[in-house]
Amino acid sequence: MNSTRDPRIAVVGAGLGGLVCARVLQRHGRSVTVWEREAAAGARAQGGSLDMHAGTGQAALRAAGLLDHFRALSRPEGQEWRLLDPATAAVLPAQGPPDDHGEEDRPEIDRGQLRGLLLDSLTPGSVRWDRAVSSVTPLGDGTGRLLFSDGTTEDFDLVIGADGAWSRVRPALSDAVPGYTGVTFVEAGFDDCDTRHPGLARMVGAGTMVAMADSKVLFAQRNSNGHIRVYTGFRGPADWQVAAGVEPGDTAAVRAHLLGMFNGWDERLLALLRDNDGDFVHRPVFALPVPHTWEHVPGVTLLGDAAHLMPPLGLGANLAMLDGTELARALVAEPGVDDAVRAYESVMLPRSAETAKDCAEGLAHLLPPTDA
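A short tour of the structure in this document, coming up. Values in this document were obtained by computation on a predicted structure and should not be read as measured data.

## Description of the environment of Val91
At step 1: Of note, Val91 is situated in strand E5 (residues 91-92).
At step 2: Distance from Val91 to Ala211, taken between C-alpha atoms, is 9.4 Å for residues 120 residues apart in sequence.
At step 3: Residues contacting Val91, with those up to four places away along its chain left out, are Leu83 and Leu84.

Structure, rendered in structure tokens:
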């Protein structure tokens, strides 16, 4: 990059895509600062297990010099996929998850483990914790100004919005906001499954188990350390609890309502709703419009969910990491920051539009609209 000084680059959000971007930049000798609203790396749980695809997530980890470390942490056996008959819990023939595109090498890893691997790879002090960004203002000279929640500001040659679904950076480029897809997932968990829930552990197997019928679905997913996450999916209003007369924090009432929704399913599957450890977590599914594009604005760009939030069908994390890698590589290869961002956006935007379309169709196949 031909410049009289190292460009000032800010990544907003210490998620997987932003951290990969920072790591690849640092591997090429570039300086970068990651701003994160969370108080510390362990401030909240990081979610379930992710399958890293060869052409996206693994390619990003290779570029980051972390593929071997990932392999040491990953669970190849987690690729197992079981489709069960809701009425009998019998295992049905299934070639694999609907989004695998024929890829056979998709080892699983807990999101928290992957994030920790990326954080540990960065130069100490790269991530500024407890620094919430309120907004971004593109300046007339091609730079961007961050406004923090404490009222302070800082200017950068490039602000990269890697801050997820409800991005504070996105409004600098686009008026789009995520819309509710009509699908809600309710999460539950089981601890120490092989000892405390051996029947459930055998039914789920080493990877992911799915049962679906009548616009309802049950996912059960192995994580590390004997933990299994369960996601109950159905169509309904985002505030379905109000219509059902259920308080979200009333575990017994939520359980009773869900058991009623899945009445007639095999009792072994209903145990996923009846015997979980802890509370239920409500996760309505939002997505950005398809396609989500914007006119190029010097000094600001987006990656990952901030750019192309889509239904959670196993592609979001992989795409975010590929975005971060390609943006970092462009910043190293192109003669200037603006050239790099234009080159990156020219590839990322059409790719994400096509993938988001596929994900929307996949969600409609998995949970067909009730009026279809």
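Picking up after the structure, the text goes on.
## Details of the packing of aromatic side chains
At step 1: Counted according to the given criterion, the structure contains seven aromatic pairs.
At step 2: On the basis of an interplanar angle of 55 degrees and a centroid distance of 5.7 Å, the ring pair of Tyr180 and Phe286 is categorised as tilted. Here Tyr180 is found in strand E12 (residues 179-190), whereas its partner Phe286 is found in strand E16 (residues 277-287), with 106 residues between them in sequence.
At step 3: Owing to a relative accessible area of 25%, Phe286 belongs among the partly exposed residues under this scheme.
At step 4: Ring centres of Phe234 and Trp240 lie 5.3 Å apart, and the angle between their planes is 90 degrees; on these two criteria the pair is classed as edge-to-face.

## A word on the packing of helix H11 (residues 316-333) against helix H12 (residues 337-366)
At step 1: Following both chains from N to C, one finds H11 and H12 inclined at 160 degrees, their axes separated by 8 Å at the closest point. Taken together, the axes of H11 and H12 are roughly antiparallel relative to one another. Where H11 crosses over H12, the two elements pack in a sense that is right-handed. Counting all contacts with H11, which are made through Leu319, Leu322, Asp323, Glu326, Leu327, Ala330 and Leu331, the residues of H12 involved are Val337, Ala340, Tyr344, Val347, Met348, Arg351 and Thr355.
At step 2: A per-class count over the contact of H11 with H12 returns 10 nonpolar, one polar and three charged.

## As for the environment of Leu173
At step 1: Note on placement: Leu173 falls in the loop between strand E11 (158-161) and E12.
At step 2: For the pair Leu173 and Thr301, spaced 128 residues apart in sequence, the C-alpha separation works out to 7.6 Å.

## Considerations on the side chain of Ser352
At step 1: Tracing the backbone through its elements, the reader meets Ser352 in helix H12.
At step 2: Ser352 sits in the buried class, given a relative accessible area of 3%.
At step 3: Not counting the four nearest positions on each side in its chain, Ser352 is found in contact with His308 and Met310.

## Brief notes about the pairing of strand E14 (residues 216-222)
At step 1: Where burial is concerned, most of E14 is hidden: seven out of the seven residues are buried.
At step 2: Covered by surrounding structure in E14 are Lys216, Leu218, Ala220 and Arg222 together with Val217, Phe219 and Gln221, the residues of both alternating faces.
At step 3: The pairing of strand E13 (residues 208-213) with E14 spans six bridges and is antiparallel. Of the residues in E14, the one forming a bridge with Thr208 is Gln221.
At step 4: Linkage of E13 to E14, two consecutive antiparallel strands, is achieved through a turn of two residues, within which Asp214 is found at a positive phi near 55 degrees.
At step 5: With seven bridges connecting them, E14 and strand E15 (residues 228-235) associate as antiparallel partners. Looking at E15, one finds that Leu218 is bridged to Thr232.
At step 6: What sits between the antiparallel neighbours E14 and E15 is a turn of five residues, in which Asn225 has the positive phi angle 60 degrees.

## Some details on the sheet that holds strand E9 (residues 144-148)
At step 1: Judged by pairing direction, the sheet is antiparallel, and its three strands sit side by side in the order E8-E9-E10 without closing on themselves. Each of the sheet's edge strands pairs with one partner strand only, and the pair in question is strand E8 (133-138) and strand E10 (153-156). On average, adjacent strands in this sheet sit at an angle of 25 degrees to one another, irrespective of strand direction.
At step 2: By the bridge criterion, five bridges tie E8 to E9 in an arrangement that is antiparallel. Of the residues in E9, the one forming a bridge with Val136 is Leu146.

## So, the pattern of salt bridges
At step 1: Taken as a whole and assessed by the stated rule, the structure comprises 19 salt bridges.
At step 2: Glu267 serves as the salt-bridge partner of Arg274, at 2.9 Å between the closest nitrogen and oxygen.
At step 3: Residue Arg274 is classed as partly exposed on the basis of its relative accessible area of 35%.
At step 4: The partly exposed category is assigned to Glu267, whose relative accessible area is 49%.
At step 5: Bridged by salt links that share partners, the residues Glu38, Arg44 and Arg115 form one connected network.

## Description of the sheet that holds strand E2 (residues 33-35)
At step 1: The strand order E7-E2-E1-E11-E17 describes an open sheet built from five strands, whose pairing is parallel. Edge positions in the open sheet fall to strand E7 (127-128) and strand E17 (300-302), since each of these has one partner strand only.
At step 2: Pairing geometry for E11 and E17, over three bridges, is parallel. Its bridge partner lying in E17, Val159 is registered against Val300.
At step 3: Strands in contact with H12 are E11 and E17; relative to E17, the strand with the most contacts, it is inclined by about 25 degrees.

Rules of the game
- Residues numbered from 1 in each chain as written.
- Predicted model: local features only at pLDDT ≥ 70, side-chain atom pairs only at ≥ 80, totals over all residues.
- Heavy atoms only, no water.
- Helix = DSSP H or I, 4+ residues; strand = E, 2+ residues; numbered from the N terminus.
- Contact = heavy atoms within 4.5 Å.
- Phe/Tyr/Trp six-rings, centres within 6.5 Å; stacked < 30°, edge-to-face > 60°.
- Buried < 20%, exposed > 50% of the residue type's maximum accessible area, 1.4 Å probe, protein only.
- Axes fitted to C-alpha atoms, helices over the stretch in contact; angles between N-to-C directions.
- Parallel < 35°, antiparallel > 145°, perpendicular 65-115°, else oblique.
- Left-handed = near helix turned anticlockwise from the far one by under 90°.
- Nonpolar A, V, L, I, M, F, W, Y, C, P; charged D, E, K, R; others polar.
- Pairing = 2+ DSSP bridges.
- Salt bridge = Lys/Arg side-chain N within 4 Å of Asp/Glu carboxyl O.

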